[in-house]
Amino acid sequence: MKRREIFAGNWKMFKTGDEAENLVKGLIKGIEAKPGREYVVFPPATVLSRVSALCGNTPLKTGAQNMFHEKQGAYTGEISPLMVKDCGATFILIGHSERRHIFHETDDDVNLKVKSALENGLEPMVCVGELLEERERGETDSVLERQVKGAFSGLAPENMVKVSIAYEPVWAIGTGRVATPEMAEEAHRVIRELLKTLFGEKTAASVPVLYGGSVKPDNISGLYAMENIDGVLVGGASLESESFLKIVNV
Ligand code: PGA
């Protein structure tokens with residue numbers, strides 16, 4: 001066993017109530033819970049309560065895909081950490097590339113959300129990753145440095161216990177173009193080095209770093225075999241129980 005291992009599914013803006021219920025029931029039936037391995041789904045906020053209630057005492061946990069950092073207030077259209085918890089969720093996805101690039105979330109927004117999640121007892125899963133043009137310009141490491149430093153600014157090593165990171169190269173998300181295990185491992189090593197600089201050896205060795213971006217049943221084994229890949233964040237292939245179960249039961 002490596003560090004904490006997390007296998008997660010991001011349903012994005014898919015699944016209405018009955019569809020979500022069917023999917024989660026299929027997952028609960030099929031997950032072969034392995035010791036030390038955690039399973040999380042991130043359904044849309046509209047079905048989060050319903051999915052969380054079905055997960056109950058099963059190995060499957062839930063999280064929201066986004067939240068605002070304030071506890072409550074006049075922020076039309078947003079949901080708060082308290083509301084996420086009230087839905088029965090324990091995780092929160094923060095800074096997904098679609099939030100950063102379609103909805104223009106900044107590293108400062110990500111930082112506020114990470115702090116708010118921790119203050120309110122949620123486990124933040126923070127997404128980082130470079131654009132294709134950034135990789136082609138040789139800027140992958142500096143982008144990761146900016147995103148990791150930005151996300152965790154002002155935090156101490158003890159705050160990192162409940163934090164996980166998902167490395168998701170933007171060019172691999174929803175494109176079918178997966179990073180090779182070696183490319184992913186290299187980026188994960190960079191992230192671990194950054195954590196070491198920021199928080200010391202012990203924290204760097206214990207924070208789970210997941211890979212995301214076109215993870216499928218036929219490429220999970222190679223990715224999971226890598227020393228620094230502690231699980232995966234799956235989009236498209238998490239929308240059907242058959243494909244997600246092949247991934248999580250690897
Ligand atoms: P994908 O999405 O698996 O469909 O590439 C991953 C993600 O956005 O988390």
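Computed from a predicted structure; not experimentally measured.

> Any chance you could explain the nonpolar core here in plain terms?
Across soluble globular proteins, nonpolar side chains show a tendency to be buried alongside one another. Ranked by internal contacts, the top residues of the largest apolar core, which has 64 residues, are Trp11, Phe152, Ile191, Leu195 and Tyr211. The biggest single contributor to this core is helix H8 (residues 181-199), with seven residues. Within the second largest apolar cluster, 11 residues are counted, among which are Ile6, Ala8, Phe91 and Cys127.

> How should the site of the ligand be read in this particular structure?
Not every one of the 13 residues close to the ligand is listed here, only the nearest: Lys12, His96, Glu168, Gly174 and Ser214. In this structure, Lys12 approaches the ligand through a side-chain N or O atom, which is 2.7 Å from an oxygen atom. Contact distances for the ligand include 2.6 Å between an oxygen atom and a backbone N or O atom of Gly174. A total of 280 Å² of accessible area belongs to the ligand in isolation, and the protein chains cover 97% of it.

> How should I be thinking about the packing of aromatic side chains in this particular structure?
Aromatic ring pairs are defined here through the distance separating the ring centres and the angle between the ring planes. Inspection of the entire model under this criterion finds three aromatic pairs. Measuring from ring centre to ring centre gives 6.3 Å for Tyr167 and Tyr211, while their planes differ by 55°; the resulting arrangement is tilted. Taken together, the residues span a long stretch of sequence, with Tyr167 in strand E6 (residues 164-167) and Tyr211 in strand E7 (residues 209-212) at a distance of 44 residues.

> Please clarify how the packing of helix H7 (residues 140-151) against H8 should be interpreted in this entry.
The description of two helices packed together rests on the angle between their axes and the distance between the axes. The N-to-C vectors of H7 and H8 enclose an angle of 45°; their axes lie 10 Å apart at closest approach. Our classification of the angle between H7 and H8 gives oblique. Both H7 and H8 take part in a crossing whose hand is right-handed. Residues Asp141, Leu144, Glu145, Val148 and Lys149 of H7 form the contact with H8, whose own contacting residues are Ala187, Val190, Ile191, Leu194, Leu195 and Leu198. Of the residues in the contact of H7 with H8, the class split is eight nonpolar, no polar and three charged.

> Would you mind going over H7 with me for this structure?
Every α-helix winds through 3.6 residues per turn, so residues three or four apart in the chain are directed the same way. Its 12 residues place the ends of H7 16 Å apart at the C-alpha level, agreeing with the 16 Å of an ideal helix rising 1.5 Å per residue. Every buried residue of H7 is listed here: Thr140, Val143, Leu144, Gln147, Val148, Gly150 and Ala151. For H7, the arc enclosing every buried residue in end-on projection is 165°, short of the 170-degree limit, so these residues lie on one face. Buried positions along H7 lie against helix H4 (97-101), helix H5 (107-119), strand E5 (123-128), helix H6 (132-136), E6 and H8.

> Mind showing me how you'd approach the pattern of salt bridges here?
Where side chains of opposite charge bring their charged atoms close, a pairing between them can arise. In total, this model carries 22 salt bridges according to the counting rule given. Salt-bridge contacts for Lys25 lead to Glu21; the nearest nitrogen and oxygen are separated by 2.8 Å. Separated by four residues within a single helix, Lys25 and Glu21 lie in helix H1 (residues 17-30), roughly one turn from each other. Its relative accessible area of 41% is what places Lys25 among the partly exposed residues.

> Honestly, empty space enclosed by the protein in this entry has me stumped. Any pointers?
Any empty space left between the atoms is revealed when a probe the size of a water molecule rolls over them. All told, the structure shown has one cavity of 30 Å³ or more when counted by the stated rule. Counted as a void, the largest cavity has a volume near 50 Å³. For the largest cavity, the full set of lining residues is Gly95, His96, Ser97, Arg100, His101, Cys127, Val128, Gly129, Glu168 and Val170. Those elements that provide at least two residues to the lining of the largest cavity are H4 and E5. Looking at which element gives the most residues to the lining of the largest cavity, the answer is H4, with three residues.

> Looking at this structure, I do not really get the side chain of Asn66. What am I missing?
Turning to its location among the elements, Asn66 is positioned in the loop between strand E3 (60-64) and helix H3 (81-86). At a separation of 2.7 Å, a polar atom in the side chain of Asn66 contacts the side chain of Lys113. Discounting residues that sit within four places of it in the chain, Asn66 has contacts with Glu78, Ile79, Ile92, Leu93, Arg99, Glu105 and Lys113.

Quick notes on the rules
Residues numbered from 1 in each chain as written. Predicted model: local features only at pLDDT ≥ 70, side-chain atom pairs only at ≥ 80, totals over all residues. Heavy atoms only, no water. Core = buried A, V, L, I, M, F, W, Y, C linked by side-chain atoms within 4.5 Å. Buried < 20%, exposed > 50% of the residue type's maximum accessible area, 1.4 Å probe, protein only. Helix = DSSP H or I, 4+ residues; strand = E, 2+ residues; numbered from the N terminus. Near = heavy atom within 4 Å. Polar contact = N/O pair within 3.5 Å; in protein donor to acceptor, adjacent residues only side chain to side chain. Areas by Shrake-Rupley, 256 points an atom, 1.4 Å probe, with all protein chains shown as cover. Phe/Tyr/Trp six-rings, centres within 6.5 Å; stacked < 30°, edge-to-face > 60°. Axes fitted to C-alpha atoms, helices over the stretch in contact; angles between N-to-C directions. Parallel < 35°, antiparallel > 145°, perpendicular 65-115°, else oblique. Left-handed = near helix turned anticlockwise from the far one by under 90°. Contact = heavy atoms within 4.5 Å. Nonpolar A, V, L, I, M, F, W, Y, C, P; charged D, E, K, R; others polar. Expected span 1.5 Å × (residues − 1). Arc of directions from axis to C-beta. Salt bridge = Lys/Arg side-chain N within 4 Å of Asp/Glu carboxyl O. 1 Å grid on protein atoms, 1.4 Å probe; cavity = no way out; pocket = protein on both sides within 12 Å on 5 of 7 lines; lining within 4 Å. Points joined across faces, edges and corners; volume = space filled by probe spheres on them.

The values are spatial; any link to function lies outside them.
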